[in-house]
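Here's the letter readout for the chains.
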Amino acid sequence: MGSLATIAKPWWKDAVVYQVWPASFKDTNDDGVGDIKGVIESLDHIQGLGADTVWMCPIYASPRIDFGYDISDYEAIDPNFGTMEDVEDLIRGCHDRGMKFMMDLVVNHTSDQHKWFQESRSSKTNPKRDWYIWRPAKYDEQGNRIPPNNWRSNFVGSTWTWDETTQEYYLHLFAPEQPDLNWDNLELRKAVYDSAVRFWLEKGIDGFRIDTMTIYSKNPALPDAPITDPGSPYQTGRKWYGDQPKVFEILSEMTAIMDEYGEKITVGEFGGLKDLSVALDYVGASKRCVGMGFQFETVCIGYALNHWHIRDFPLQEFKQTVGKWQQFVEGNDGWTCMFLENHDIARSVSRFGNDSPEFRAVSAKMLAVLQATATGTLFIYQGQEIGMTNIPKSWPIEEYLDISSQNYWKDLTSSTDDKAELDKAMAKVQKVARDHARTPMQWSDKPHGGFTTSPNGPWMRTNDNYVDINVEKQVKETDSVLSFWKRMLALRKQYSDVFVHGTWRTLDAENPATMTYVKDGGDKRALVVLNFTEKSQPSNIPEEFKGLEAAITNVDESVPDTLSPFEGRVYIR
C-alpha cells in the first residue's frame, strides 16, 4: 500500500474549507442581506462541522452587478456587508480558534466604476488607458460599425462595448460593467499586486481563491473565434484567451509575493480545462503557480457554466470525470481538490442525488461519503452540510436574480414567445441556474429560515422547504445530514493518509448504478461503495473486504451483499 508521492505536506492539503457566500449567509442588522458579523457569529457552527478554513466570497466595494465580482475598490468593504473593522474581527476570530481565513481574488476584471477604469475611459491619452483592453471599431460591407472580433461574452452577447467618449470598444469577457484588465501592462500588474494581494496579506489572511485564473492573458492579435455556433453572431473565444503562456508568468509573480508572507493557500478556477498536462502546469509544486485548481468537468457535467445547452449524463461518465481528476496528481508534484457545490453550481443533492422528501437526506449523506473520502483538499459550500436543495420548480422566472439567468431569459424572450420553447428554457434554468446556490442559508424554522428578521424579508426568497431543512433542527437529530457530515469529516481526519493523501482506483467503471473505488494510503486500504439510485443494488464487495464491518454507512440497517437506495458505505483495513 502507498500514498501520493509528496515533497511536502503544507497545512492546506489537509484543510476542510467552508465557503461563505456572504449575501445569503446570515443577516445580523435586519436589512435582508447577510453580513460579516453573521459569519463571525457562525464560526462555532463552521468549526463544529469539522471545517478549519473559511473562504469568504467577495465583500469588496462593488456596484454588485455580478454580486460582488465587479469590484470598484479592492481596499474597501461593501457597506452592505459591514466595515473593515468587521473583517479584521473575522480574521482574528478565525485565528483565535486555530482556523484559517481566505478571500476571493478577482483580478481578470474590475467594475467599470473602479477609479482605474474611470481614468482609462476618460481619454485615449490618459496614463491608465492601456490598463484595460481598447480597440477601434471594425465595419461591415454596409459600413455598419461592428466589434473588433466575434467573441461571445460569458453573460450573452458580444465581449465588446462601445464607449462614446473615446470612440473605441473595450473588452469584457463577462458583463459590460466588468471591463477586463490588460495584464500585458506592467504598471497595471504592480498596481493589482499592491492593492488586491499585498493589502490583504498585510491584514493577515491565509490565502486566496483565484477567480477565472486561466483567462488573464489574451492573444495580442485578438483573432476571431472559430465558428462553433452557426446560428449566433458571437462565438466562444477561449482558444485565444484561455491558458495563454503569460498567465503562468502572472500566477508565478503572485505566488512569489505570497511566499513573502509564509505558507498560503491558493486555489484557482480551471474553468473548462480538460487537458491534464496543462492542469499540471498550473498546480505542479515546482511550477510555483497555484496550490490546486477547481475542475468543472464533474460539477458541470452535461453543460458549460453560464451556458444553457444541457444534456443528460450517465453515472459512468460522472465516475470517469471524478476518477480522472483524483488520479491526475499520482506520480507527480501536483495537488487536487474535491467539491460538488459552490456559488456558481446548482445544489449537489438536486444534481447528483435525489431531492425528493423520501430520498433527499440519504442521498445527501451518500454524496458526503464521496466527498469526504476523496483525495485532495475538501471544499464545502454553505448549506451543503444540511442538504439544501435547488429552488422549487413552482417558482416563476422572476425569482431568479442572477445576471446569467436574467440575460438568458431576456435574450430568449426577445426572439420568441412560443410556450413550448419557454417551457424548455425554464426547465434548463430549474436544473443549473446559479441562483440555486444563492437562496438564503436555512438556520431555523422561523420566518425566512432564520436568515433575517427584516420586515421586508431577505434580498432573495428563502427556499420553501426551510421548515424541514434547517440547522437548528439538524443539530438536535443524531441521524441528520449535518450530524452525518460531522462523522464523515472526523473519519476523514482520523484516516487522512488514505482519504486525503491516498491513491484512487475505480472498480466498477461501467456499472450504471453504483460507484465503487479503493483508496490506498500509508498502511491502510479503504473500500467505498455508493448506490446512486432509488433501488437496491448488489454491493459487489471484493473478497479482501468481505467479513469486515463497515467503518461508516448512511443507513440504519446495512445488508452486506445489498446496497439500499442511495446507501454509502466505507470499509477500512
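The structure presented is a predicted model; accordingly, all values stated were derived computationally and were not measured.

## Observations concerning the pairing of strand β17 (residues 514–521)
Remark: a regular strand shows side chains that alternate across the two faces of the sheet. Most of β17 is tucked away, with eight of its eight residues classed as buried. Side chains of β17 alternate between two faces, with Thr514, Thr516, Val518 and Asp520 and Met515, Tyr517, Lys519 and Gly521 buried alike. Where strand β16 (residues 503–506) lies against β17, four bridges are found, and the strand directions are antiparallel. Each bridged residue has a counterpart across the sheet, and for Arg505 the counterpart in β17 is Val518. Pairing between β17 and strand β18 (residues 524–531): eight bridges, direction antiparallel.

## With respect to the pairing of strand β10 (residues 168–171)
Burial of β10 is two-sided: the residues Glu168 and Tyr170 facing one way and the residues Tyr169 and Leu171 facing the other way are all buried. For strand β6 (residues 134–135) and β10, the ladder comprises two bridges, and the chain directions are antiparallel. Residue pairing for β10: Trp134 is matched across the bridge by Tyr170. Bridge count between strand β9 (residues 160–163) and β10: four bridges; the pairing is antiparallel. Along β10, the bridge assignment pairs Thr161 with Tyr170. Hairpin connection from β9 to β10: four residues lie between these consecutive antiparallel strands, with Gln167 at a positive phi of about 55°.

## Quick word on helix α11 (residues 360–372)
The first and last C-alpha atoms of α11 sit 18 Å apart over 13 residues, in line with the 18 Å expected at 1.5 Å per residue. In terms of burial, α11 is largely enclosed, as twelve of its 13 residues are buried. Buried within α11 we find Arg360, Val362, Ser363, Ala364, Lys365, Met366, Leu367, Ala368, Val369, Leu370, Gln371 and Ala372.

## Focus on the domain arrangement of the chain
The domain boundaries assigned to the chain delineate domain 1 (11–110 + 186–482), domain 2 (115–171) and domain 3 (503–572). If you look at the interface, domain 1 gives 23 residues, while domain 3 gives 25 residues. For the pair domain 1 and domain 3, the two sides together bury roughly 2,000 Å², of which 67% comes from carbon and sulfur. Taken as a group, Leu315, Lys319 and Met366 account for 29% of the area that domain 1 buries against domain 3, more than any other trio of residues on that side. The interface formed by domain 1 and domain 3 holds one salt bridge in total. As a salt-bridge pair, Asp508 and Lys319 come within 3.6 Å of each other at their nearest N and O atoms. Linking domain 1 with domain 3 are eleven residue pairs in polar contact (both at pLDDT 80 or more), by the criterion used here. If you list the elements that add at least two residues to the side of domain 1 that touches domain 3, you get α9 (315–327) and α11. No other element matches the eight residues that α9 contributes to the side of domain 1 that touches domain 3.

## Topic: the side chain of Ser111
With respect to the secondary-structure elements, Ser111 resides in the loop between β5 (100–105) and α4 (115–120). One polar contact links the side chain of Ser111 to the main-chain amide nitrogen of Gln113, over a distance of 2.8 Å. Once residues lying within four places of it in the same chain are set aside, the contact partners of Ser111 are Pro63, Asp70, Ile71, Ser72, Phe117, Glu177 and Pro179.

## Digging into the sheet that holds β6
The strand order β6-β10-β9 describes an open sheet built from three strands, whose pairing is antiparallel. What marks the edges here is a single partner per strand, and that holds for β6 and β9.

## Here we look at the pattern of salt bridges
Two side chains bearing opposite charge may form a pair once their charged atoms approach each other closely. All chains considered together, the criterion is met by 42 salt bridges. Its salt-bridge partner being Glu41, residue Lys26 comes within 3.9 Å of it at the nearest N-O pair. Of this pair, Lys26 sits in the loop between β1 (16–20) and α1 (36–41) while Glu41 sits in helix α1; the two residues are 15 residues apart in sequence, bridging distant segments of the chain. Judged by relative accessible area, Lys26 falls into the buried class, the value being 15%. Linking Lys190 and Asp194 is a salt bridge whose minimum nitrogen-to-oxygen distance equals 2.8 Å. You can see Lys190 and its partner Asp194 sitting in helix α5 (residues 186–202), four residues apart, about one turn around the helix. For Lys190, a relative accessible area of 53% puts it in the exposed group. One salt-bridge network, held together by shared partners, links Asp66, Asp344, Asp402, Arg434 and Arg438.

How each quantity is defined
Residues numbered from 1 in each chain as written. Predicted model: local features only at pLDDT ≥ 70, side-chain atom pairs only at ≥ 80, totals over all residues. Heavy atoms only, no water. Buried < 20%, exposed > 50% of the residue type's maximum accessible area, 1.4 Å probe, protein only. Helix = DSSP H or I, 4+ residues; strand = E, 2+ residues; numbered from the N terminus. Pairing = 2+ DSSP bridges. Expected span 1.5 Å × (residues − 1). Domains from an automatic or database assignment. Contact = heavy atoms within 4.5 Å. Buried area = accessible area lost by both parts, 1.4 Å probe. Salt bridge = Lys/Arg side-chain N within 4 Å of Asp/Glu carboxyl O. Polar contact = N/O pair within 3.5 Å; in protein donor to acceptor, adjacent residues only side chain to side chain.

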